[in-house]
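The lines below spell out each chain.
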Amino acid sequence: MTPILVVNSGSSSFKYQLIDVEDSRTLASGLVERIGAAEGGRAKHSVHAASGDPDTTVLERAIADHTAGFQVMLDAFAAHGPSLDEHPPVAVGHRVVQGGARFFEPTVITDLVRINIDELSALAPLHNPANLAGIVAAQQAFADVPHVAIFDTAFHQTLPPAAYTYAIDAEVAEKHRVRRYGFHGTSHRFVSRAAAEFLGRPVADLKQIVLHLGNGASACAVDGGRSVETSMGMTPLEGLVMGTRSGDIDPAVLLHLSRRAGYSIDELDALLNSRSGILGLSGHGDMRDLHAAIDAGDERSQVAFDVWAHRIRGYVGAYAAQLGRVDAIVFTAGVGENDDRARAAVLGGLEGFGVVLDAERNAVRSRDARRISADDSRVEVLVVPTNEELEIARQAYEVVSG
Ligand SMILES: Nc1ncnc2c1ncn2[C@@H]1O[C@H](COP(=O)(O)OP(=O)(O)O)[C@@H](O)[C@H]1O
Ligand SMILES: CC(=O)OP(=O)(O)O
Ligand SMILES: [Mg+2]
């Protein structure tokens, strides 16, 4: 057995998995939520047997910070297994969202790497500080094994200049390193390969549009297994409408709010990153709550949903044109994997472009990869669950096993 611990830290939560990379099996998984909140702190720990449903325990108590959260995780392993003494992780893999122009490969985390991740926080303000807090806590808890950072931006290093360049004064862009990086790369990479496997075709032969629709959301055009265009930019704010983020907006809106309404830079940042998206439009940041509000007749929620779906359709059309041909459109992440209404809203009415959904297949709930297009659809439409943690474990193992 070769266990790797994977840590995916968010601002107020972290997800973890203990994975045996010898057979890609998850031994345990968990989620520590509402870190730093006075109330509602919660940890969920699941022990996975070789077959059948995992055995899940929930603990509710206030969790002060990421260090305390790590202790909660360690206690859960000690109390419910598997024993980390008997199966000590050979490495810890960390999701790091922004690697900028510095990190293109999985990287062993040294003091200098930590400083660099910290410096890149300005280009992923919701994510890198949280990733770093997770790294610091994990390095305290597991001091004797290598820690490896896997960057969301790495998969998008293949973007051509036409896709990553913003059309602003080239000298300004160069001086301040203003360019598009793209995110969710670990997921887009994993899902595009899993989709090819599902179709029984080499990834090198396929032109795919991957739609990662979670709390954060992005689209990626994948040509022959390489990312050639993606919707997030210099930061994870550009592109699709998200849970709390605006996605694309005329930059002059910021100038207007600053000049006319006196908004400060920090206020604009908070507005676009935390109080926009479907939350800003409707008051509901979670897609399940948005559907419930729509069903109860709330018009603002219907508008929010329509804006959300309209933006994605536009990207699907744009990426079809960039790719020249589309073999598969692939849905993944929380909304993409679970929400048939959302999928139907995104791709309904595209029959003229050879995209035909099968309503019955679309309504099936499953944890497995599946086809949701009709037999006569020229474009395959798939749902493929992402597994960022497994991809991170594999890449971390590759680094430490030399
Ligand atoms: N059954 C479901 N139906 C609709 N949306 C869902 C469902 N399950 C999860 N979601 C959505 O998925 C989102 C979380 O997706 P996830 O990929 O886990 O996001 P993140 O990694 O950004 O936290 C939630 O905010 C929720 O809106
Ligand atoms: C990059 C990003 O937006 O990640 P998440 O979806 O986890 O927020
Ligand atoms: Mg995510």
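Residues numbered from 1 in each chain as written. Chains lettered and ligands numbered in written order. Predicted model: local features only at pLDDT ≥ 70, side-chain atom pairs only at ≥ 80, totals over all residues. Heavy atoms only, no water.

In the annotation of an unreviewed UniProt entry, the entry for the protein chain reads Acetate kinase, and the organism field reads Agromyces rhizosphaerae. Per UniProt, the protein chain carries the Sequence similarities (unreviewed entry) text "Belongs to the acetokinase family." (UniProt positions renumbered as here; feature names shortened; annotations may be inferred.)

What is the right way to read the sheet that holds strand β9 (residues 207-213) from this model?
Note: strands within a sheet are paired through backbone hydrogen bonds, in either parallel or antiparallel orientation. Here six strands make up an open sheet; going across it, the order is β11-β10-β9-β12-β14-β13 and the pairing mixed. In this open sheet, the two edge strands, each paired with only one partner strand, are β11 (226-230) and β13 (370-371). When β13 meets strand β14 (residues 380-383), the two strands line up antiparallel, connected through two bridges. Residue pairing in the sheet places R370 in a bridge with V383 of β14. Helix-sheet contacts for helix α6 (residues 185-199) involve β9, β10 (217-223), β11, β12 (328-332), β13 and β14, and the interaxial angle to β9 is about 125°. Packing against the sheet, helix α11 (residues 299-323) makes contact with β9, β10, β11 and β12, and its axis sits at approximately 160° to β9. (Pairing = 2+ DSSP bridges. Helix = DSSP H or I, 4+ residues; strand = E, 2+ residues; numbered from the N terminus. Contact = heavy atoms within 4.5 Å. Axes fitted to C-alpha atoms, helices over the stretch in contact; angles between N-to-C directions.)

How should the packing of aromatic side chains be read in this particular structure?
Aromatic ring pairs: the centre-centre distance and the angle between the two ring planes describe each pair. Under the counting rule described, the total for this entry stands at six aromatic pairs. Between F14 and Y16 the ring centres are 6.0 Å apart and the planes differ by 50°, which places this aromatic pair in the tilted class. The pair formed by F14 and Y16 is uniform in burial state, with each residue classed as buried. Among the aromatic residues, those joined into a ring-pair cluster are F14, Y16, F70 and F77. (Phe/Tyr/Trp six-rings, centres within 6.5 Å; stacked < 30°, edge-to-face > 60°. Buried < 20%, exposed > 50% of the residue type's maximum accessible area, 1.4 Å probe, protein only.)

Any chance you could explain the site of ligand 1 here in plain terms?
Not every one of the 13 residues close to ligand 1 is listed here, only the nearest: K15, N215, D286, M287 and G334. Measuring from an oxygen atom of ligand 1, one finds a side-chain N or O atom of K15 at 3.3 Å. Side-chain polar atom of D286 to an oxygen atom of ligand 1: 3.3 Å apart, as the coordinates give it. For ligand 1, whose unbound accessible area comes to 570 Å², protein coverage reaches 73%. Elements with a contribution of two residues or more to the shell around ligand 1: α10 (287-295) and α12 (333-338). The class makeup of the residues in the shell around ligand 1 is three nonpolar, five polar and five charged. (Near = heavy atom within 4 Å. Polar contact = N/O pair within 3.5 Å; in protein donor to acceptor, adjacent residues only side chain to side chain. Areas by Shrake-Rupley, 256 points an atom, 1.4 Å probe, with all protein chains shown as cover. Nonpolar A, V, L, I, M, F, W, Y, C, P; charged D, E, K, R; others polar.)

Would you take a moment to explain the site of ligand 2 for this structure?
In the vicinity of ligand 2, the contacting residues are R95, V97, H127, D152, F183, H184, G216, M232, P236 and R245. Take H127: an N or O atom from its side chain is 2.8 Å from an oxygen atom of ligand 2. Measuring from an oxygen atom of ligand 2, one finds a backbone N or O atom of G216 at 3.3 Å. Out of a free accessible area of 260 Å², ligand 2 has 84% covered by protein chains. Residue composition of the shell around ligand 2, grouped by class: four nonpolar, three polar and three charged.

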